[in-house]
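Summary of the model geometry
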Amino acid sequence: MQDFSEKIQQVHNEQLGRHLVANMHIDAGDTLLEERPLLVAPHWECSQLKCSQCMQESYVMCRRCQVFPLCMDCDQHSDFECEFFASGAGSAICKDLLVKNYGICALLKLLLLLEDPATRDDCQSLVERPVKLEDYRDGEGMWQEHEEQVVRPLLASGLAGAMPAQQLTADVLHAHCIRIDCNAFEVTGRDGETLKGVFVCGAGLPHHCVPNTVVALDEQFNMKLYAAVPLSAGDVIYNSYANPLMGTSQRQHQLRLSRHLDCSCSRCRDATEMGTHMSSMKCRECSAGFAICELGPDGSGDWRCLDCAAVQPAADVHELLAEVGGALVEAKGELQVYESLLVRYKQLLHPNHFLLLDIKQNIASILRAAALMNSMETPCKKMLARRVELCSDLLPVCRAVVPGLSKLYAIALFEYLLALIELIELQFAESDLSKKQYAAQLRIGSQVAREALDLLRFEPENSAEGYLSDRISMELERIDSDLMKYGGR
């Protein structure tokens, strides 16, 4: 199921456990690992039945086993799954097992893979990974979600009795749920719905908030891991499991909930977050200063101004952040509310603070949606210019937090490109720009498009990013055509 490059090798140490390192120089873009998912399944909370074969919405069941859903385009699924419930050890299980308890789907698929002699070995490296249940039992939500939506229904179904060799207890099932969560990437089905794909190797790489690899997923959910930056022999192969546009404390919180790990990577130890100041505050004592968190041994500390050394207590900062977070929830997609929040809180937060970036992203998304839906009978240049400004603000941060070949930066460039071209075309049509000025702006757009395409050049053609590359290429052709017409080359 995995195909490793000869340029990497598996090693083991106390800190990271089993992991991958480069054993020679690796260029950015070199493929390090290709892997098919062990299983693909809906999220635990999903209630809409999906075809067991292609994962599209389904409203009919397999005629043979009567347990697994199939869509109109698929007439079969796994032979072992089907046989197990049709005439095998699970034939006495209620046929409404998934209809009534669809949340168990991912775990059921894993148990059947473990039950099948042909696929059991594929699962061993996953199920052999130790899970400290005591770390999760009193956690925030995950344990309870597994208990109510997966573990209880599965035990009540009698499935444990049909799989006696696996000795399925509540704790065994909880451990499997945690392994699924901790070794899954979000993948997108053909119908656009998000699913979880379990990758035994690719999703088990050690975490770093500034990853040196890129994960690419195609339409068949196959994964390709390639180098984001040049690597040297001995470099550890890292992935990131946190949102790079979160501040340090928020990434840490996300990682504790999802992976039960405390990150101490270079970005987390840098109070300026690689010079972006995504967690920095405006100083309340001097007009130009910014306060950064003085990280202590436990990862916490007060905020101190870099200019005047004035201190903002951590409790005050966290109270403000909670206030902004609550206000974002209450905004409920209202453009003017977001604009008001931006005006209010830019007096207190660094311009690159992750919460201000969140507000700006929301505003830009609303403006783009309005353009797509033609909700403005006559496009408003002021609103288009606002969108260009917001997209531009995001670019340097996206570039800094994910260096090298970055899908995040490529997508940010694409959003900026769309906004820019829409604005300058309107300005040119209304004679606000001369031919020379229009051509100059088109050249900027051409450069942006080429940079985005360069960042995405290693993505599979049949992936979301591959299709994005096609879209950017089409936009570039249109830009170059206008350049030939109005400005030459």
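Only a predicted model underlies this, so the values are computations on that prediction, with no experimental measurement involved.

Let's talk about the overall build of the protein chain
Of regular secondary structure, the protein chain possesses 17 helices and 15 strands. For 489 residues, the compact-globule estimate of 2.2 N^0.38 gives 23 Å, and the protein chain sits close to it at 25 Å. Here the C-alpha coordinates of the protein chain stretch approximately 75 × 55 × 50 Å along the principal axes. Here the protein chain holds 489 residues, and 50% of them are scored as buried. In the protein chain, 62% of the contacts between residues at least 6 apart in sequence involve partners at least 24 apart.

Some words on the packing of aromatic side chains
Inspection of every chain in the model, using the stated rule, returns 9 aromatic pairs. Geometrically, the ring pair formed by Phe84 and Phe85 is edge-to-face, given 5.1 Å between the ring centres and 85° between the ring planes. Of the residues examined, Phe84 reaches a relative accessible area of 5% and is grouped as buried. Using a relative accessible area of 0% as the deciding quantity, one classes Phe85 as buried. An angle of 5° between the planes, with centres 4.2 Å apart, marks the rings of Phe428 and Tyr438 as stacked. Of the two residues, Phe428 sits in helix α15 (residues 407-429) while Tyr438 sits in helix α16 (residues 435-455), which places them 10 residues apart along the sequence. Residue Tyr438 is classed as buried on the basis of its relative accessible area, which comes to 2%. Members of the aromatic cluster, connected to one another through ring pairs, are Phe68, Phe80, Phe84 and Phe85.

What about the pattern of salt bridges?
The tally for this structure, following the rule as stated, stands at 23 salt bridges. One salt bridge in this structure joins Glu430 and Lys381, with 2.8 Å as the shortest N-O distance. In this pair, Glu430 is assigned in the loop between α15 and α16 and Lys381 in helix α14 (residues 381-401), connecting sequence segments 49 residues apart. Given a relative accessible area of 39%, Glu430 falls into the partly exposed group. We classify Lys381 as partly exposed; its relative accessible area is 29%. Between Arg478 and Glu475 there is a salt bridge; the shortest N-O distance is 2.5 Å. One end of the pair, Arg478, and the other, Glu475, are both in helix α17 (residues 464-486), 3 residues apart, so they sit about a helical turn from each other. Its relative accessible area of 9% is what places Glu475 among the buried residues. Three or more residues are tied together by salt bridges with common partners; here these are Arg251, Arg267 and Glu273.

Digging into a nonpolar patch on the surface
On the surface, a nonpolar cluster with roughly 400 Å² of combined accessible area is contributed by Tyr59, Val60 and Met72. By relative accessible area, which is 64% here, Tyr59 ends up exposed.

Describing the sheet that holds strand β11 (residues 223-227)
With respect to topology, 4 strands assemble into an open sheet ordered β1-β4-β11-β10, the strand pairing being antiparallel. Every other strand in the sheet has two partners, leaving β1 (2-4) and β10 (213-217) as the edge strands with one partner each. Ignoring which end each strand starts from, the neighbouring axes of this sheet average 15° apart.

A closer look at helix α1 (residues 79-86)
Within the span of α1, buried status applies to Glu81, Cys82, Phe84 and Phe85. Burial along α1 is one-sided: seen end-on, the buried residues are contained in an arc of 160°. Where the residues of α1 are buried, they touch α2 (97-100), α3 (105-115) and α7 (159-162).

Quick notes on the state of the cysteines
The full count for this structure, using the stated rule, is 0 disulfides. There is no disulfide at Cys62, and the cysteine sulfur nearest it, in Cys82, is 3.7 Å away.

Concerning the pairing of strand β9 (residues 194-198)
A large share of β9 lies buried, amounting to 4 of its 5 residues. In the sheet, strand β5 (residues 39-41) pairs with β9 via 3 bridges, with the strands oriented antiparallel. Looking across to β9, one finds that Leu39 is bridged to Val198. Relative to β9, strand β8 (residues 184-188) is paired through 5 bridges, and the arrangement is antiparallel. In the strand pairing of β9, Ala184 is matched with Val198. Remark: 5 residues form the turn of the hairpin made by β8 and β9, two consecutive strands paired antiparallel; Gly192 in that turn has positive phi of roughly 90°.

Conventions we followed
- Residues numbered from 1 in each chain as written.
- Predicted model: local features only at pLDDT ≥ 70, side-chain atom pairs only at ≥ 80, totals over all residues.
- Heavy atoms only, no water.
- Helix = DSSP H or I, 4+ residues; strand = E, 2+ residues; numbered from the N terminus.
- Rg over C-alpha atoms; globule rule 2.2 N^0.38 Å.
- Buried < 20%, exposed > 50% of the residue type's maximum accessible area, 1.4 Å probe, protein only.
- Contact = heavy atoms within 4.5 Å.
- Phe/Tyr/Trp six-rings, centres within 6.5 Å; stacked < 30°, edge-to-face > 60°.
- Salt bridge = Lys/Arg side-chain N within 4 Å of Asp/Glu carboxyl O.
- Patch = residues over 30% accessible without salt bridge, like charges linked within 9 Å, V, L, I, M, F, W, Y side chains within 5 Å.
- Areas by Shrake-Rupley, 256 points an atom, 1.4 Å probe, with all protein chains shown as cover.
- Pairing = 2+ DSSP bridges.
- Axes fitted to C-alpha atoms, helices over the stretch in contact; angles between N-to-C directions.
- Arc of directions from axis to C-beta.
- Disulfide = S-S within 2.5 Å.

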